[in-house]
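One letter stands for each residue in the lines below.
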Amino acid sequence: MEETTRLIAVRHGETAWNVDTRIQGQLDIGLNATGLWQAQRAGQALADEDIGVIYASDLSRAWQTAEEIARPHGLAVQAEPRLRERAFGHLEGMSFAEIESTRPADAKRWRERDPEFEPVGGESLLTFRDRITRVASELAARHPGELVTLVAHGGVMDVLYRAATRQELQAPRTWQLGNAAINRMLWTPEGFSLVGWSDIAHLAADTPLDEPTT
């Protein structure tokens, strides 16, 4: 009988671009002061967990968050570039409002969650989903019976939730993807299953941002 891998998945803390509803994609934007506080709180909340390994996107906002989670455990964060956010190509750096006004055709396909919509220089949802499910499965398979932490981005969390609940890419999102929220899953060779989602108790009254277009 194959052992189950326990997974904790955490979205990075807040950035200035989250506040401005600006598309970060794979641009390297660091945490703002609130985001650093959120990361520290996530680290405190997970300090007593028996985490064996921490993998993180190599983008600063995820990496900084992962370092705060790793600190109480004396672990070195392992960089995994395949955990980066979806690449949005020519839309990166633009706000939602700017995309709506200057590229309405792109905005429409994005909001409709067209799985094949590929921004110029970016990834389609289909390509992104395949990347994330493949790397998350690969990392989980390396550590049977252990607790693995993945620190990444809102889009990554969305893909993992859909994988664990068997939701289609085009299904409207009804779940939260807040900054620094703690999410729990299990992995076996048969796939992912959900344990708990969007735990933000460690953030007290500070409700994390959750961009509706993710």
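Residues numbered from 1 in each chain as written. Predicted model: local features only at pLDDT ≥ 70, side-chain atom pairs only at ≥ 80, totals over all residues. Heavy atoms only, no water.

Chemist: So what's going on with the pattern of salt bridges? Which residues, and what values?
Modeler: Applying the stated criterion across every chain, the model contains 15 salt bridges. In this structure, D158 engages R113 in a salt bridge whose closest nitrogen and oxygen atoms are separated by 3.3 Å. Placement of the pair is D158 in helix α7 (residues 154-165) and R113 in the loop between α5 (104-111) and α6 (125-141), with a sequence separation of 45 residues. Among the residues examined, D158 registers a relative accessible area of 4% and is labelled buried. In this structure R113 comes out as buried when scored by relative accessible area, which is 11%. A salt bridge links R142 to E138, with the nearest nitrogen and oxygen atoms 2.9 Å apart. Here the residues in one salt-bridge network are E80, R82, E138 and R142, joined through shared partners. (Salt bridge = Lys/Arg side-chain N within 4 Å of Asp/Glu carboxyl O. Helix = DSSP H or I, 4+ residues; strand = E, 2+ residues; numbered from the N terminus. Buried < 20%, exposed > 50% of the residue type's maximum accessible area, 1.4 Å probe, protein only.)

Chemist: Can you tell me about the packing of α6 against α7, naming the residues and giving the values?
Modeler: It is at 10 Å that the axes of α6 and α7 come closest, and there the two elements cross at 75°. Comparing the axis directions of α6 and α7 gives the class roughly perpendicular. Contact residues: F128, R129, I132, T133 and A136 in α6; G155, V156, V159, L160 and A163 in α7. By residue class, the composition of the contact of α6 with α7 is 7 nonpolar, 2 polar and 1 charged. (Axes fitted to C-alpha atoms, helices over the stretch in contact; angles between N-to-C directions. Parallel < 35°, antiparallel > 145°, perpendicular 65-115°, else oblique. Contact = heavy atoms within 4.5 Å. Nonpolar A, V, L, I, M, F, W, Y, C, P; charged D, E, K, R; others polar.)

Chemist: Any details on helix α3 (residues 60-70)? Residues and values, ideally.
Modeler: When α3 is considered as a whole, its buried residues turn out to be R61, A62, T65, A66, E68, I69 and A70. Against β1 (5-11), α2 (33-45), β2 (51-56) and β4 (147-152) lie the buried residues of α3.

Chemist: Give me the sheet that holds β1: which residues, what numbers.
Modeler: Paired through backbone hydrogen bonds, the strands of a sheet run either parallel or antiparallel to each other. The sheet built from 6 strands is open, its strands ordered β3-β2-β4-β1-β5-β6 with mixed pairing. Edge positions in the open sheet fall to β3 (78-79) and β6 (191-199), since each of these has one partner strand only. Taken together, the 6 bridges between β1 and β4 define a ladder with parallel strand orientation. In the sheet register, A9 faces β4, and the bridge partner there is L150. (Pairing = 2+ DSSP bridges.)

Chemist: Explain the pairing of β1 residue by residue, including any values.
Modeler: For β1, the buried fraction is high: 6 of the 7 residues fall into the buried class. Examined bridge by bridge, β1 and strand β5 (residues 182-188) share 6 bridges and lie antiparallel to one another. Bridge pairing in β5 links A9 to N183.

Chemist: Please set out the side chain of H202 residue by residue, giving values where relevant.
Modeler: Within the element layout of this structure, H202 appears in the segment after β6. In this structure the side chain of H202 is engaged in a polar contact, spanning 2.8 Å, whose partner is the backbone oxygen of A180. Leave out the neighbours within four places in its chain, and H202 touches R41, A42, A45, A180, A181 and I182. (Polar contact = N/O pair within 3.5 Å; in protein donor to acceptor, adjacent residues only side chain to side chain.)

Chemist: Any chance you could break down the packing of aromatic side chains for me, citing the residues and the numbers?
Modeler: Considering all chains together, one arrives at 4 aromatic pairs under this definition. When the centroid spacing of 5.7 Å and the interplanar angle of 70° are considered together, the rings of F96 and W110 count as edge-to-face. Residue F96 is located in helix α4 (residues 96-102), and its partner W110 is located in helix α5; the two are separated by 14 residues in the primary sequence. For the pair Y161 and W197, a centre-to-centre distance of 5.0 Å together with 70° between the ring planes defines the contact as edge-to-face. Pair noted here: Y161 is in helix α7 and W197 is in strand β6, with a separation of 36 residues, a long-range link. This pair shows no difference in class: Y161 is buried, exactly as W197 is. (Phe/Tyr/Trp six-rings, centres within 6.5 Å; stacked < 30°, edge-to-face > 60°.)

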